[in-house]
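One-letter residues, chain by chain:
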Amino acid sequence: AAAAPPRTHPMASAESTDVHSVDPGSAGAPFGEDGGWEWPEDNDMVEDESKPYENKYRVRRLLQEIRDGDGVDLDVRAEADQRLGHLSFAVEEPHVAEEQLSSAIEHFLPGWLERVYEVAGPELDTPQEPGEPLPPPTAKGISLPDMPDGAEARLGKPRNVLVLTRALGSMSVLCSSRTQLRRALIVLMLAERIGGREAESDIVTSELGVAHTHTLFFLAQAYGNLGEVASSARYCQMTLKRQLASAADVEPTPTTALEWATNCLGLAAYYLGSGSLATCARCLQAAGAIVEAHGVTGEERQRFEADANVRWGHLFAAPLREAFLRRERLNAGHGGGDGDGDDEDRAGASRRAATELAVDFETLRLGELPAPELLDPAAVQGFPEARAVFIKGNSALERAAEYYVLDGFVTDHVSIRRDQSQLYRYLGLFEQDLKRKLAMQQRRGDMLRPFL
């Protein structure tokens, strides 16, 4: 199973779980090295339900006054446009947001957005002739247009790098909302390039460090939307690790900790689908550790643990399934592979998948991985080994079923019971005692009969 792109906001932004309504930077910070310019506050606003967006409209008026002031510096005007574009999108005025964000980007990169649209080509929102639908969008053929002459000089000030990085991130969200998925990816590619250079020498919790974390988060979504699962997972992993680094300075709330853990479960699903079982297990351990450490409780905790147990069940089912298929081939007289060399290659690959980590979360001090023989299909040679793996997987799924009960979670409950039925099927092939083999088949029938 491929990992879906992450859908929750980075841990570094505790203001909201809505990607579209969070300002990536903290307003109120002084502009310029002399600290002489104060931006109006627009974070952590509590809106009156009877007057939606009242505070955002108030801040937008203040920003407009700054932007249109006499003798205002052009860099200041560009930052005002970036902030205005963000707020206009937040109050559901995307066409106004597009003009403001484009103005901010145009200040630093004259003519560059036009080249982006040329490279992206027709998108799903482009009107088409009847009967000529566009194919699903992909990342194929995407390249990053060169920055215009003079852009490097305009980006010589770190503050300008920050403003442009934020503007590009907000523009990517706007493009994604319109299914302009290729455009979204291209603007993020530039945001990563310019923001990453500065962020490498900056701390993760600085304004630019946080903005760069947002860029990586948006890239995970952008690649996922275009079907580039491996790239999406890579950027998800990078985001999660930066968020962990920021947690050393900014204590996560239970909400942001749960979001991080949920994204980590998605990353675990990717590594399971790619066969990296040890890395999948490490991601599951990390997700559980974060939820435990940061006070996630109640219904949210119960649901998370049920979802994590489903992932653990799938993890232990994977090597048992591979061992089952290998035994089936042997029983049919087809052998385990194409020859001794092929068998050795398979065994070596399965050992590496059971022990080698593609990603680790060192700061969490997670301890030992599951024993290699529980993750390595080549280690399952008979019933005792198969039973040990079965017990781990079935126990996890049984715990998940205690939350996802039939009355209220029909789809989830049925899916879990089907997974358990498959575990019994895999185990049954290794059982030599006919009576016990029949008992397993009976157990499968009893488990599935209520759904007929």
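Residues numbered from 1 in each chain as written. Predicted model: local features only at pLDDT ≥ 70, side-chain atom pairs only at ≥ 80, totals over all residues. Heavy atoms only, no water.

**Student:** Explain the nonpolar core to me, please; I cannot follow it from the model alone.
**Tutor:** Nonpolar side chains in soluble globular proteins generally cluster together in the buried interior. Ranked by internal contacts, the top residues of the largest apolar core, which has 112 residues, are Ile105, Leu109, Trp112, Leu168, Leu185, Leu315 and Phe361. Excluding residues that lie within four positions of it along the chain, Trp112 makes contacts with Ile105, Leu144, Pro145, Asp146, Met147, Pro148, Leu168, Ile186, Val187 and Leu190. (Core = buried A, V, L, I, M, F, W, Y, C linked by side-chain atoms within 4.5 Å. Buried < 20%, exposed > 50% of the residue type's maximum accessible area, 1.4 Å probe, protein only. Contact = heavy atoms within 4.5 Å.)

**Student:** Where do I start with the pattern of salt bridges in this structure?
**Tutor:** Side chains that carry opposite charge are capable of pairing whenever their charged atoms lie near each other. Here the structure, examined in full by the defined rule, presents 17 salt bridges. Residues Glu292 and Arg301 are paired through a salt bridge, measuring 2.4 Å at the closest nitrogen-oxygen approach. One salt-bridge network, in which partners are shared between bridges, spans Glu79, Arg83, Arg159, Arg166 and Glu207. (Salt bridge = Lys/Arg side-chain N within 4 Å of Asp/Glu carboxyl O.)

**Student:** Help me understand the packing of helix 12 (residues 298-331) against helix 16 (residues 410-428) in this model?
**Tutor:** The relative placement of two packed helices comes down to the angle between their axes together with the axis-to-axis distance. Two elements in contact, helix 12 and helix 16, have axes separated by 9 Å at closest approach and are oriented at 35 degrees. The two elements helix 12 and helix 16 meet at a crossing, and its hand is left-handed. Where helix 12 abuts helix 16, its residues Val310, His314, Ala317, Leu320, Arg321, Phe324 and Glu328 lie against Ile416, Asp419, Leu423, Arg425, Tyr426 and Leu427. Tallied by class, residues from the contact of helix 12 with helix 16 come to 8 nonpolar, 1 polar and 4 charged. (Axes fitted to C-alpha atoms, helices over the stretch in contact; angles between N-to-C directions. Helix = DSSP H or I, 4+ residues; strand = E, 2+ residues; numbered from the N terminus. Left-handed = near helix turned anticlockwise from the far one by under 90°. Nonpolar A, V, L, I, M, F, W, Y, C, P; charged D, E, K, R; others polar.)

**Student:** In this structure, what is going on with the environment of Tyr117? I would like to understand it.
**Tutor:** With respect to the helices and strands, Tyr117 occurs in helix 4 (residues 112-120). It is 9.2 Å that separates the C-alpha atoms of Tyr117 and Ile186, two residues lying 69 residues apart in sequence. Among residues more than four places away in sequence, those in contact with Tyr117 are Glu98 and Arg183.

**Student:** For this particular structure, what's the right way to read helix 2 (residues 74-90)?
**Tutor:** Each turn of an α-helix holds 3.6 residues, which means side chains three or four residues apart point in the same direction. With 17 residues, helix 2 should cover 24 Å at 1.5 Å per step; its first-to-last C-alpha distance of 24 Å lies within 8% of that length. In terms of burial, helix 2 is largely enclosed, as 15 of its 17 residues are buried. Taking the backbone nitrogen of Asp75 as reference, a side-chain oxygen 2.8 Å away marks Asp73 as the first, capping residue of helix 2. Phi turns positive, to about 65 degrees, at Glu92, one or two residues after helix 2. (Expected span 1.5 Å × (residues − 1). Polar contact = N/O pair within 3.5 Å; in protein donor to acceptor, adjacent residues only side chain to side chain.)

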